[in-house]
Amino acid sequence: MEPGEPRQEAAEYYRGHRVPQRLEETLNALFPLRPADLYGEMANYISKFSKAPVICKLVGRKVLDGVGQPTLEVEIHCTVKNYEKRICSAVMSSHSQIPEDALPETARADEKERNESVNTAVEWVNESLNTMLRDLEPTDQSKVDEMLGEYFTKKVEEKKEIQKPEEEATAEVTPALTSCISSATVLPGGKKAAKAGKKAAVAERTIPPAEPVEAALCGSAAIGGASLAVAKAGATINHVPLYFHIALLKHDQDPPKEMTLPLPMVTVLNCEKNSPAKLKLVKEVMLIPPVQLSLRQGIERVLDIQKEMMRLLEPPGKTQSNPPPADGKKGKAHNAGKKAPPQALKRISHLGCLITGCDNLEQPLLLMQTACNNIGLELGTDMYLAINCAAHELMDYVKGKYEILTGTFKSPDEMVDMYVELIKKFPFIIALIDPLRKEDRQQWSNICCALGSKCYLIAEDAATCISKLKIDQNINIPRCSGVVLKYINETKVSDLIEVTGLLDGQRHITILGSPDGESSDDSLVDLAVGLGARFIKLGGLSRGERVTKYNRLLAIEEELAKNRTLREANLEFIAFVEESQPENQLCDVLPPPK
């Protein structure tokens, strides 16, 4: 090689990459600025000419959630300026459809299944997904989610092929037995089935049978975890907050001029359904601050009410004298002559709130009303209530009725009448979540027509599987004001964006909800803000994995207020009209896919 050849090759190499022009441009741009750290600023300026970061590695690991259950963490590594760099990680929240009063053997089976699913998810991430997503840009969310969706579909088909011979063999052996006990044994919560007989047969004719719970595919959390981790990596690469990155994805990269914070539904009571408590209907009592308050003011007001509730629930002998109720506040008539509030059990629920037992439906509502009155607040003006009824857990399939109190049963039609009277007596209740089973579609239609103009009727249990809301035309979604969406299992960020867009177009509200097995990952808050959710349901103001999300919401409020891009939320109810064809109620929530 001649002496001048390396120099000539270097010159050609750099000219081919336009290095002289880039250096000249950099020097010309920085000279007027005369930065204190010249070389640092030069590095910053030149870095914009570097290649876009690409995914080089996914790491999946088994971690614990807020209640000590195993869950999945997905870590994203990217090649940035020729070096591998850890960008971020996402921890999935676990979701169980096993209710509080489940049989011990059902709970043990659920725990075993959860462990197997997490182990499988870790394997998927570290092997298949690690190879599949390599060299993709983390900012290309749609491409990543498309590939994740295809991978999940392949896994579902593989499972069907494995199960097909087993199902055929089972169908040949026990056809008569299956037809006799299907609605009596497949009960929510794994409750013991009643003996097949005349009463069960009558119940099957009078109420729609419960749809079988579709188990999540073992390992499905790998899909949701990878999608969320990539979204967080995309936000980090673009140097924007995750909520802004999500908003850009939803609005085709058109930056929103203003953003609205979701109103928090703060759980303050978790009503125990086991003996000696008689009330079974109410799972959660939640407070919703008025829109006129800032989020910080609303949270502080909730904490004041919670503190007064704790004082009222102190065991006899420890309670200090009650402070006099504030003058000029309504609602005192409800308190006159009523029984003392329920006594609290001395423990905090996994939802981050106080557990208490009640004997009737009015007790928790009067407790809330008394606590507010004692500190000078009026429900319906200074604070609102929401109730998570979780009615799907209460159906007695032998009687064909809901057991709202121990030994007290109501038919679906009687439930509608009860809710109408409840809202009439307590008009400060502005949201009912799962007031009925998803199968009672006619009653959902009736309650929407009766109460929709003054109260949100929200479906949560019916919207558990988000990925199916946009592809399965026959999914059982009742007529309602809106749905609670949870980021679990195979849900992808693109699924949330598409479903919330469809809900927005149908004037239905979106609530982002926190699963029972919550983790310390606060991404759910950014998702809710970026997607424009009306409410966010995070549980109570205790337990670190829940409080960290409220802190994230407060930080976003402060940031938006500082940037003058914060828009005030609003409460707008939907007036429903009578339906001529109630069987077509799916279209009231989501249009059928094209």
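Please refer to the structure placed before this passage.
Please read all numbers here as calculations on a predicted model, not as lab measurements.

Rules used throughout
In this convention, every chain numbers its residues from 1, walking through the sequence in written order. pLDDT decides what is reported in this predicted model: residues at 70 or higher carry local features, side-chain atom pairs at 80 or more are listed and counted, and totals for whole chains, interfaces and linings draw on all residues regardless. The basis for every side-chain value is the complete set of non-hydrogen atoms in the structure, without hydrogens or water. Helix and strand labels come from DSSP, where a helix needs a run of H or I of at least four residues and a strand needs a run of E of at least two; each type is numbered from the N terminus. Given a helix with a known number of residues, its expected span is that number minus one, times 1.5 Å. Every residue pair with non-hydrogen atoms within 4.5 Å of one another is taken to be in contact. Only buried Ala, Val, Leu, Ile, Met, Phe, Trp, Tyr and Cys residues count toward a nonpolar core, and they belong to the same one when joined by side-chain atoms within 4.5 Å. For every residue, the accessible area obtained with a 1.4 Å probe (protein chains only) is divided by the maximum for its type, and the residue is called buried under 20%, exposed over 50%, and partly exposed between those limits. Working convention: axes come from line fits to C-alpha atoms, limited for helices to the stretch in contact. Angles between N-to-C directions cover 0 to 180 degrees. Angle categories are assigned with fixed cut-offs, so that under 35 degrees is roughly parallel, over 145 is roughly antiparallel, 65 to 115 is roughly perpendicular, and the rest are oblique. Only when DSSP finds a minimum of two bridges between them are two strands counted as paired. Basic side-chain nitrogens of Lys or Arg form a salt bridge, by our definition, when they fall within 4 Å of a carboxyl oxygen of Asp or Glu. Here a patch means residues that are over 30% exposed by relative accessible area and free of salt bridges, tied together within 9 Å if like-charged and within 5 Å if nonpolar (Val, Leu, Ile, Met, Phe, Trp, Tyr). Per-residue and other accessible areas follow the Shrake-Rupley method at a 1.4 Å probe size, with only the shown protein chains counted as cover for residues. Counting rule for charge: Lys and Arg are taken as positive, Asp and Glu as negative, and neither His nor the chain ends is counted. Throughout, a charge is located at the NZ atom of Lys, the CZ atom of Arg, the CG atom of Asp or the CD atom of Glu.

Caption draft 1: Region of the structure containing helix α13 (residues 412-425). With 14 residues, α13 ought to run about 20 Å at 1.5 Å a step, and its terminal C-alpha atoms sit 20 Å apart, in line with that. For α13, the secondary structure elements touched by its buried residues are α12 (362-374), β9 (384-388), β11 (401-405), β12 (408-410), β13 (429-433) and α14 (441-451).

Caption draft 2: Local environment of the nonpolar core. The biggest cluster of nonpolar side chains holds 133 residues, and the ones touching the most others in it are L281, M368, Y419 and I429. Ranked by the residues each element gives to this core, the list is headed by helix α8 (residues 221-237), at 11 residues. Non-local contacts of L281, meaning those with residues more than four positions away in its chain, are made with L361, N388, C389, A390, L394, I404, M415, M418 and Y419. Of all hydrophobic cores here, the second largest spans 17 residues; its members include A386, I433, Y456 and I509.

Caption draft 3: Highlighting the packing of α8 against helix α9 (residues 242-250). For the pair α8 and α9, the least separation of the axes is 9 Å and the interaxial angle reads 105°. One way to sum up the angle between α8 and α9 is to call them roughly perpendicular. Of the residues in α9, those in contact with A231, K232, G234 and A235 of α8 are L242, H245 and I246.

Caption draft 4: Geometry of the sheet that holds β12. Taken in spatial order, the 3 strands of this open sheet run β10-β11-β12, and their pairing is antiparallel. In this open sheet, the two strands that pair with only one neighbour each are β10 (395-396) and β12. Bridging between β10 and β11 involves 2 bridges; their strand directions are antiparallel. The residue of β11 that forms the bridge with M395 is Y402. Helix-sheet contacts for α13 involve β11 and β12, and the interaxial angle to β12 is about 100°.

Caption draft 5: Expanded view of the pattern of salt bridges. Inspection of the entire model under this criterion finds 24 salt bridges. A salt bridge links R61 to E73; the nearest nitrogen and oxygen atoms lie 3.3 Å apart. Remark: E73 occurs in strand β2 (residues 70-80) and R61 occurs in strand β1 (residues 54-64); sequence separation between them is 12 residues. Several salt bridges converge on common partners, so that one network encompasses R61, E73, E75 and R86.

Caption draft 6: The arrangement of the environment of A235 in detail. Here A235 shows up in helix α8. What makes A235 buried here is its relative accessible area of 4%. C-alpha of A235 to C-alpha of H245: the two residues are 10 residues apart in sequence and 5.5 Å apart in space. Leave out the neighbours within four places in its chain, and A235 touches V240, P241, L242 and H245.

Caption draft 7: Main features of a negative patch on the surface. Judged by side-chain charge, D413, E414, D417 and E421 come together as a negatively charged surface patch. Tracing the backbone through its elements, the reader meets E414 in helix α13. Judged by its relative accessible area of 35%, E414 is partly exposed.

Caption draft 8: Structural detail: the sheet that holds strand β3 (residues 83-91). Strand order in this open sheet of 3 strands is β1-β2-β3, and the pairing throughout is antiparallel. Strands with a single pairing partner mark the edges of an open sheet, and in this sheet they are β1 and β3. The sheet shows a mean angle of 25° between the axes of neighbouring strands, taken without regard to direction. Here β1 pairs with β2 via 10 bridges, running antiparallel. Looking at β2, one finds that I55 is bridged to C78. Against the sheet, α8 engages β1, β2 and β3, with an angle of about 125° to β3.

Caption draft 9: The arrangement of the side chain of T510 in detail. Position of T510 relative to the elements: it lies in strand β16 (residues 509-513). Owing to a relative accessible area of 4%, T510 belongs among the buried residues under this scheme. When neighbours within four sequence positions are excluded, T510 is seen to be in contact with V483, L485, T500, L503, D504, A533, R534 and F535.

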